[in-house]
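Remarks on the overall topology
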Amino acid sequence: MNLDQYTTLHVAIDAGVARITLDNPPVNVLSGTLIRELHDLLAKLRDDRSVRVIVFSSANPEFFIAHVDIHILDEMDELQEIADRIPDANIFQGVGELVRRQPQVTIVKLAGKARAGGAEFIAAADMTFAARETAGIGQSEVLMGIVPGGGGTQYLGERVGRNRALELLLTGDLVDADTAAAYGWINRAVPAAGLDAFVDGVAEKIAALSPELITAVKRLVPPADLADGLRAENDTWAELVSGDLPARLMAGALEHGAQTPAGERDLESVMRSLTADL
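Everything numeric here is computed off the predicted structure, so don't read it as measured data. (Residues numbered from 1 in each chain as written. Predicted model: local features only at pLDDT ≥ 70, side-chain atom pairs only at ≥ 80, totals over all residues. Heavy atoms only, no water.)

**With respect to the sheet that holds strand 3 (residues 53-58)**
Taken together, six strands build an open sheet; the order of strands is 1-2-3-5-7-10 and the sheet is mixed. Where the open sheet ends on each side, the last strands, each with one partner, are strand 1 (9-14) and strand 10 (188-190). The average undirected angle you get between the axes of adjacent strands in this sheet is 20 degrees. For strand 3 and strand 5 (residues 105-110), the ladder comprises four bridges, and the chain directions are parallel. From the neighbouring strand, Ile54 faces strand 5, where its bridge partner is Thr106. (Pairing = 2+ DSSP bridges. Helix = DSSP H or I, 4+ residues; strand = E, 2+ residues; numbered from the N terminus. Axes fitted to C-alpha atoms, helices over the stretch in contact; angles between N-to-C directions.)

**Describing the pattern of salt bridges**
In the structure shown here, the tally under the stated rule is 18 salt bridges. Between Glu212 and Arg49 there is a salt bridge, and its shortest N-O distance comes to 2.4 Å. Here Arg49 lies in the loop between helix 1 (32-46) and strand 3 and Glu212 lies in helix 9 (residues 211-220), a separation of 163 residues in the sequence. Take Glu212: its relative accessible area is 48%, and that puts it in the partly exposed class. (Salt bridge = Lys/Arg side-chain N within 4 Å of Asp/Glu carboxyl O. Buried < 20%, exposed > 50% of the residue type's maximum accessible area, 1.4 Å probe, protein only.)

**Details of the packing of helix 5 (residues 152-160) against helix 10 (residues 227-241)**
Following both chains from N to C, one finds helix 5 and helix 10 inclined at 135 degrees, their axes separated by 8 Å at the closest point. Judged by the angle between their axes, helix 5 and helix 10 are oblique. Across the interface between the two elements, Gly152, Thr153 and Gln154 of helix 5 pack against Gly229, Leu230 and Glu233 of helix 10. Per-class residue counts for the contact of helix 5 with helix 10 are one nonpolar, four polar and one charged. (Parallel < 35°, antiparallel > 145°, perpendicular 65-115°, else oblique. Contact = heavy atoms within 4.5 Å. Nonpolar A, V, L, I, M, F, W, Y, C, P; charged D, E, K, R; others polar.)

**A few points about the sheet that holds strand 9 (residues 174-176)**
The strand order across the open sheet built from four strands is 4-6-8-9, with neighbouring strands paired in mixed fashion. Two strands lie at the open edges of the sheet, namely strand 4 (63-65) and strand 9, each paired on one side alone. Across the sheet, the mean angle from the axis of one strand to that of its neighbour is 25 degrees, orientation sign disregarded. Sheet topology note: the strand 4/strand 6 (residues 113-115) ladder contains two bridges and is parallel. Note on strand 6: the bridge partner recorded for Phe63 is Lys113. Of the strands in this sheet, strand 4, strand 6 and strand 8 (136-138) touch helix 4 (residues 117-124), which is tilted by about 100 degrees from strand 6.

**Some details on the side chain of Glu233**
Within the secondary structure layout, Glu233 lies in helix 10. Of the side chains bearing the opposite charge, Arg100 lies closest to the buried Glu233, which forms no salt bridge; the N-O distance is 11 Å. Here Gly152 takes part through its backbone nitrogen, which lies 3.3 Å from a polar atom of the side chain of Glu233. (Lys, Arg positive; Asp, Glu negative; His and termini not counted. Polar contact = N/O pair within 3.5 Å; in protein donor to acceptor, adjacent residues only side chain to side chain.)

In structure tokens, the structure reads:
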């Protein structure tokens, strides 16, 4: 298996644990290339019985996945072949569904921020452990004038319940690791200094089990069938994203530093200021 072919992923496999580091500078947006490479790599790992756990982390300590690349709407035709691989899901939902259906146990190690598509990725993984002092998660699509289009409406409802899902979806706020853990969005918040060791410990305990036992547990605690909700989400997202307001907000966001480290550190304030000016 060639693991050195990727431009946005670094992969190391040891003792049953595949450690995948996302590396798409400057802020790890979920780009077309990153989506393609995730599909390719996870397909290769799917039938590898020697890999029992997959740990996702980021090469950038500030950002796990900032959000979907704003420019990706220009690549949709080229990405259709990828989208077709997972029925009943669009290209963005397909990322989450790919992770949710992976036979290995999937763990996110969250040191920095994850918004929108990044937050959806986290909710799709089997487990997430986050740095108490530095991590932040936000389902921020409403600030762009749209609803989540990558499974966020469905994943959040399942994870945190309707009332909290509505709060997170409608405010677009970035929440800290302790709040995310209290809501059930992630497993737990861990002191940043101990995050690596904690996640390694969890991964190593699971990887020490037999593949048959891991398969049995995952089969008995399956991901929910969200096909109907994902179709409804896609229809609403597609209708909204084609409107004038999201286009203006996305253009304004780029002009004010979105997809740069400075602009992404407090993207919520950037977007609220744009909305106030419209």
